[in-house]
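Below, each chain spelled out in residue letters.
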Amino acid sequence: MKTGYVGFLMRLAGGIIDAVCLGIISGIPIALILIFERSSGHRFANVLFVQMNLVAFMGWLYFAILESSKLQGSVGKVFLGIVVVDLNNERISFGRATGRYLGIVISVMTYGIGFLFPLWTKQKRALPDFIAGTMLVYRGTKNENIGVDASVEVESALSDAKLKILARMRESGELSENEYQIALDKLRR
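Residues numbered from 1 in each chain as written. Predicted model: local features only at pLDDT ≥ 70, side-chain atom pairs only at ≥ 80, totals over all residues. Heavy atoms only, no water.

Visitor: Can you lay out the packing of aromatic side chains for me, pointing to particular residues and giving the numbers?
Guide: Scanning the model with the defined rule gives six aromatic pairs in all. Seen in terms of ring centroids, F57 and W60 are 5.7 Å apart; in terms of plane orientation they differ by 50°. Their pairing is tilted. You can see F57 and its partner W60 sitting in helix α2 (residues 47-68), three residues apart, about one turn around the helix. The class of F57 is partly exposed, set by a relative accessible area of 44%. On the accessibility criterion, W60 (25% relative accessible area) is partly exposed. Through a chain of ring-to-ring contacts, the aromatic side chains of F57, W60 and F94 assemble into a single cluster. (Phe/Tyr/Trp six-rings, centres within 6.5 Å; stacked < 30°, edge-to-face > 60°. Helix = DSSP H or I, 4+ residues; strand = E, 2+ residues; numbered from the N terminus. Buried < 20%, exposed > 50% of the residue type's maximum accessible area, 1.4 Å probe, protein only.)

Visitor: Lay out the side chain of Q72 with the relevant residues and their values.
Guide: Considering the arrangement of structural elements, one finds Q72 in the loop between α2 and α3 (75-79). The exposure class of Q72 is buried, given its relative accessible area of 15%. If near-sequence neighbours (up to four positions away) are discounted, Q72 is found in contact with L66, E67, I82, V83, V84, V85, E90, R91 and R139. (Contact = heavy atoms within 4.5 Å.)

Visitor: Describe the pairing of strand β2 (residues 134-138), listing the residues and the values that go with them.
Guide: Counting buried positions along β2 yields five of five residues, so the element is predominantly enclosed. On β2, burial covers both faces: T134, L136 and Y138 on one face and M135 and V137 on the other are all buried. Looking at chain direction, strand β1 (residues 82-86) and β2 are connected through five bridges and run antiparallel. Note that in β2 the partner of V85 across the bridge is M135. (Pairing = 2+ DSSP bridges.)

Visitor: Go over the nonpolar core with me, naming the residues and quoting the values.
Guide: Formed by C21, L22, I30, I33, L54, M58, Y62, F63, Y101 and I104, the largest nonpolar core amounts to 10 residues. Contributions of two or more residues to this core are made by α1 (8-40), α2 and α4 (94-109). C21 has contacts with Y62 and V75, leaving out every residue within four places of it along the chain. In terms of nonpolar packing, the next biggest core, distinct from the first, is built from eight residues, V6, A64, I92 and L136 among them. (Core = buried A, V, L, I, M, F, W, Y, C linked by side-chain atoms within 4.5 Å.)

In structure tokens form, the structure reads like this:
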């Protein structure tokens, strides 16, 4: 059995399964709307607007209910043995699951950039996880690394980036050795 944090490819696989499930779930009401519209002769003002809002609403219910349930994950996650937990490795609330869904929406609106975060974060967390204070782990994962405060990870990444910038500035001559040492001392405090 796998343990630990869930990476990008497994998240992608789960997302594909969830997209199919959500397509089926939201496709039924959309088909009913179209059938009603054609059979009654009644035209909705903007069928596309209604469809988009229906898909968004159904997606919110799908993810928020399933991820906050005892299953701790959507159909795709459960199928792959993945659970959504908070930073203390506990089951998440409906409100936190709603925050994750908001992160999914933002990630979709930004052309998927938020879904790429697991490629460069230690805990393999995506934007929805940072927004909601969650992470994806394999079912049964119980280790000392789970629950590490995300701010430590962010601080570490920022410090590494600052050190690299300082080193490049020293190498290019933008900083003297003395200026470099002063900046380095300030950074380490």
